[in-house]
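Fold and geometry: a report
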Amino acid sequence: MIEGRVLFVNTSCQLAAADIGGGRALVFELPADAQIDIGDRLERLVSRYQKVKTNCLNATKHNEIHIQVLASPMPVRVARFVVEPGCLEGSLSKVA
């Protein structure tokens, strides 16, 4: 299990990404009632996709949250593209 720091949060689609070091990040799905903010330190993260939700500890807020990691670690720039609202639309408008 690994640790990470939350970099991006998108509450409208319940996605977040955590920096796990080395320029890599994990993207995960959050429950609707999760209390998570940019900068929170997460512990007990799994480093790959899992079909079931796993428990992870938000060490900053001292509570446990149930998340589902959606992919193996990816570059932070890709994680931002996946999570942040408007990233996809902004990139596509540059192409057009």
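Provided above is the structure to which this section pertains.
I will try to describe carefully the structure that is included in this document. By convention here, each chain's residues receive numbers from 1 onward along its written sequence. Only residues with pLDDT of 70 or above have their local features reported here, since the model is predicted, and side-chain atom pairs are shown and tallied only from 80 upward, although totals for entire chains, interfaces and linings are computed over all residues. Water and hydrogen atoms were dropped before computing side-chain values, which therefore reflect all heavy atoms in the structure.

1. Comments concerning the nonpolar core
Inclusion rule: Residues grouped as a nonpolar core are buried Ala, Val, Leu, Ile, Met, Phe, Trp, Tyr and Cys residues, joined through side-chain atoms within 4.5 Å. Note on classification: 1.4 Å probe, protein chains only; a residue is buried when its accessible area is under 20% of the maximum for its type, exposed when over 50%, partly exposed between these limits. Contacts are residue-level and defined by heavy atoms, with any inter-residue pair within 4.5 Å sufficient.
Phe 28, Leu 30, Ile 36, Leu 42, Leu 45, Ile 65 and Ile 67 are the most contacted members of the largest nonpolar core, which has 14 residues in total. When sequence neighbours within four positions are dropped, the list of residues in contact with Leu 45 reads Met 1, Ile 2, Glu 3, Gly 4, Ala 18, Ile 20, Leu 26, Cys 56 and Ile 67. Counting eight residues, the second-largest nonpolar core is a separate cluster that includes Phe 8, Leu 15, Ala 25 and Met 74.

2. So, a nonpolar patch on the surface
Rules: Distance thresholds for patches are 9 Å for like charges and 5 Å for nonpolar side chains (Val, Leu, Ile, Met, Phe, Trp, Tyr), applied to residues having over 30% relative accessible area and no salt bridge. Each accessible area is a Shrake-Rupley result for a 1.4 Å probe, and residues are judged covered by the shown protein chains and nothing else. For this analysis, a salt bridge means a side-chain nitrogen from Lys or Arg found within 4 Å of a carboxyl oxygen belonging to Asp or Glu. Secondary structure follows DSSP: runs of H or I at least 4 residues long count as helices, runs of E at least 2 residues long count as strands, and numbering of each begins at the N terminus.
A cluster of nonpolar residues, Val 78, Phe 81 and Val 82, forms a patch on the protein surface that exposes about 230 Å² of accessible area. Relative to the assigned elements, Val 82 resides in helix H1 (residues 76–83). Take Val 82: its relative accessible area is 41%, and that puts it in the partly exposed class.

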